[in-house]
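For reference, the chains in residue letters:
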Amino acid sequence: MSWKLFKYEIVNLTSSVITIIFGFIFPIGMVLLFSFAFGGEVTDTSALHTQLFIQFALTIPLAILLIGHAVNYASELESGAALRFKLFGHSERSLLVSKMLANLFFLTISLAIYTIVVSLALQVNAPSVGAVFTFLGFYYIFSAIVFVLGHAIATIFGQVGKVMGTTMTLYFLLMILGGMMGVQPDNLPDGVRHISMGLPLYWITMYLNDFWVGGSFNFVPLIITTLGLAVLSIGLFGLALWLRKKGKIKQGAKPAYYD
Amino acid sequence: MALLSIETLRVAYGNHVALNITEKIDIQPGDKIGIIGSNGAGKTTFAKSICGLVNYTGKINTQLKKCDIAIHLQDNQYIGRMPVKLIIEAIFNTTISKNEKLLDIIRFFDFEPCLKKRFAQLSGGQKQKLTIILVLMQNKPLTFFDEVTSGLDFESRVKLVSKIQQWYREKDGTVCIVSHYYDELEKFVNKLLIIDNGRVIAFGDVDELFKKLCGSVIYVIENNERNDKITKIFKRIGAPSHLIALPANSKSDETKLTEVLIKEGINYKRSDKDIEILFVNAIKEVS
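Residues numbered from 1 in each chain as written. Chains lettered and ligands numbered in written order. Predicted model: local features only at pLDDT ≥ 70, side-chain atom pairs only at ≥ 80, totals over all residues. Heavy atoms only, no water.

K.L.:
Help me understand the overall build of chain B in this model?
P.N.:
In terms of regular secondary structure, chain B is built from 10 helices and 13 strands. In chain B, which comprises 287 residues, the share counted as buried stands at 54%. Intrachain contacts of chain B at a sequence separation of at least 6 include 68% that bridge at least 24 residues. Accessible surface computed for chain B: about 13400 Å², of which carbon and sulfur atoms make up 47%. (Helix = DSSP H or I, 4+ residues; strand = E, 2+ residues; numbered from the N terminus. Buried < 20%, exposed > 50% of the residue type's maximum accessible area, 1.4 Å probe, protein only. Contact = heavy atoms within 4.5 Å. Areas by Shrake-Rupley, 256 points an atom, 1.4 Å probe, with all protein chains shown as cover.)

Below, the structure written as structure tokens:
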């Protein structure tokens, strides 16, 4: 991985409309919107604001990596740009590492801006040290998982349209199941709630708020569901690599190498 | 010793056999090989299989590694919103202004004004130039150019090809160039590989192939009723439907032929290297 390639990936990310809108503007906009919408219904405003802050911070990796990275990468596969870089001697590994580092940088900047804006605009409680480590740890681990998931989806479909459709659906599905669309996971219908409980977002949304202000937090379900999601993502990535190796995935501007 | 020697090469896409080479093909150092054939003949598949971009069965003997072969594909797309300068710098991990060799190539192709643009703002010819610069900068022992000029207008095509020719005039790199524009190849290549339906129809020195398939010299005239009638007495070889190709294997044949053509006021083109006519006759011989 080279500095120039990292710079290239940063420009690639920052010039993507999807990444900017969903990664920067959307989380801040949604927190502010929901805080105004539900602000009058609760007595403890700071608890609401803290919960919204935690929940919508997690939409940043979903937007930047699950949608943004997947769509960007699919576009590179579809146009043949990814292949061209490989033909010029860049290994897939170095390309992937530069993408990961650029995304990591972007995720951190985005979270920092989000934290500053939301903290200034709303009454977010000051977190306990344990909550900060838990939140940040989960933020980056969850990011790594959705990066793998997004990359796998992009590799399998290899076309912007299909990848956009799939990742957008997953994005809103995860937001609904994670209680980020105005309905708390516990208020979801029974069957849906059980699915929600299988996701780490549920345990963060429902219980991190107490831990944030010094309460207790049971890490076991969070770790188990995070591992479950990681296994699912890695499995899908493995499937993508296997399909590609078997030649079952056609990629590039022209699907076949005829002529 | 050959730079690359193909003993057998077979590529299949499902049930469709795209390429099936059973005769030995030696690519010697410094060769400039034109690869020609109709659409779907297997030209791109040939280039891609040697570069390891498609799976193949068979035997290719070479000391070259994958990284010693450069290829300019038909489609050379990058992310449209990316600045051209950054694409080049990222690919070579360099700063253009500090890289004299790169600057030389960029100047040689008059590409400096394009560095400020984004990839999507480049014209078709400029996009091709960008990839040619990137390919030439690699300076690999073996380079494939796959239809470099397809989709370009006549003027851009001529300019681009003449630049590539000029570049290689002073270099000893081995080049394989896939093209449908035979006039481009005539000025550049010393060998021809003719592929049809995935099979090699002919491979060898252009002059030798021409002599074998067309004769020493040919005279090409327009195919119309009058020309057809007047030149009926002369031997003919295969030609595209709009042309008549008349071979001449001796000075006296040429004299007889030109006398008639001049007397009748028929415009003609004399050639001892017409790749289009060579190609038609290679196909004709097989069929």
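K.L.:
Teacher, can you tell me more about a nonpolar patch on the surface here?
P.N.:
All names here are of chain A. Together, F105, I109, I113 and V117 give the surface a local cluster of nonpolar side chains, amounting to about 290 Å² of exposed area. Counting through the fold element by element, V117 comes out in helix α6 (residues 92–121). A residue is classified by how much of its surface remains accessible, and V117, at 32% relative accessible area, is partly exposed. (Patch = residues over 30% accessible without salt bridge, like charges linked within 9 Å, V, L, I, M, F, W, Y side chains within 5 Å. Salt bridge = Lys/Arg side-chain N within 4 Å of Asp/Glu carboxyl O.)

K.L.:
What am I meant to see in the packing of aromatic side chains here?
P.N.:
For any pair of aromatic rings, the description rests on two quantities: the centre-to-centre distance and the angle between the ring planes. One pass over the full model with this rule turns up 32 aromatic pairs over all chains. A centroid spacing of 5.7 Å and a plane angle of 20 degrees characterise the contact between W203(A) and Y207(A), whose relative ring orientation is stacked. Taken together, the residues W203(A) and Y207(A), both in helix α10 (residues 200–212) and four residues apart, mark about one turn of the helix. The class of W203(A) is buried, set by a relative accessible area of 14%. When the ring centre of Y181(B) is taken as origin, the NZ or CZ atom of R157(B), which lies over that ring, is 3.6 Å away. Over the face of the ring belonging to W167(B) we find K171(B), whose NZ or CZ atom lies 4.0 Å from the ring centre. (Phe/Tyr/Trp six-rings, centres within 6.5 Å; stacked < 30°, edge-to-face > 60°. Lys NZ or Arg CZ within 6 Å of the ring centre and 35° of its normal.)

K.L.:
What is the right way to look at the confidence of the model for chain B in this model?
P.N.:
Do not read the predicted coordinates in detail wherever pLDDT is low. Per-residue confidence for chain B gives a mean pLDDT of 91; residues scoring 70 or more make up 100%. For this predicted complex, the interface confidence reaches an ipTM of 0.81, while the overall pTM sits at 0.82. (pLDDT = per-residue confidence, 0-100.)

K.L.:
Hey, could you run me through the interface of chain B and chain A in this one?
P.N.:
Taken together, the contact pairs 38 residues of chain B with 27 residues of chain A. The three residues of chain B that bury the most area against chain A are I79(B), R81(B) and I91(B), which together make up 20% of that side's buried surface. At the surface where chain B touches chain A, the tally comes to 10 residue pairs in polar contact (both at pLDDT 80 or more). In terms of residue count, the dominant contributor to the side of chain B that touches chain A is helix α2 (residues 84–92) of chain B (five residues). (Buried area = accessible area lost by both parts, 1.4 Å probe. Polar contact = N/O pair within 3.5 Å; in protein donor to acceptor, adjacent residues only side chain to side chain.)

K.L.:
Would you take a moment to explain the sheet that holds strand β6 (residues 69–72) of chain B for this structure?
P.N.:
Picture the strands of a sheet paired through backbone hydrogen bonds; they go either parallel or antiparallel. All names here are of chain B. One open sheet accounts for six strands, arranged β6-β7-β8-β4-β9-β10; its pairing is mixed. Two strands in the sheet have a free side with no partner beyond their single neighbour: β6 and β10 (199–205). Taken pair by pair, the neighbouring strands of this sheet meet at an average axis angle of 15 degrees, ignoring direction. Two elements, β6 and strand β7 (residues 142–146), share four bridges in a ladder whose sense is parallel. Looking across to β7, one finds that H72 is bridged to F145. (Pairing = 2+ DSSP bridges. Axes fitted to C-alpha atoms, helices over the stretch in contact; angles between N-to-C directions.)

K.L.:
Which parts of the structure should I look at to understand the pattern of salt bridges?
P.N.:
Side-chain pairs of opposite charge can arise where the charged atoms are in close proximity. Applying the stated criterion to the full structure yields 17 salt bridges over all chains. For E254(B), the salt bridge goes to R270(B), with nearest N and O atoms at 2.9 Å. Taken together, the residues span a long stretch of sequence, with E254(B) in helix α9 (residues 251–263) and R270(B) in strand β13 (residues 269–271) at a distance of 16 residues. The class of R270(B) is partly exposed, set by a relative accessible area of 43%. In this structure, a network of salt bridges that share partners links the residues K4(A), K85(B) and E89(B).

K.L.:
Sorry, what's going on with the confidence of the model for chain A here?
P.N.:
Residues and elements named next belong to chain A. Averaged over every residue, the pLDDT of chain A is 89; residues scoring 70 or more account for 96%. When pLDDT is averaged over each element of chain A, helix α7 (residues 129–157) comes out on top at 95 and helix α5 (residues 81–87) at the bottom at 86. Considering only residues more than four positions removed or in separate chains, one finds that residues 252–259, a stretch of pLDDT under 50, has 28 contacts.

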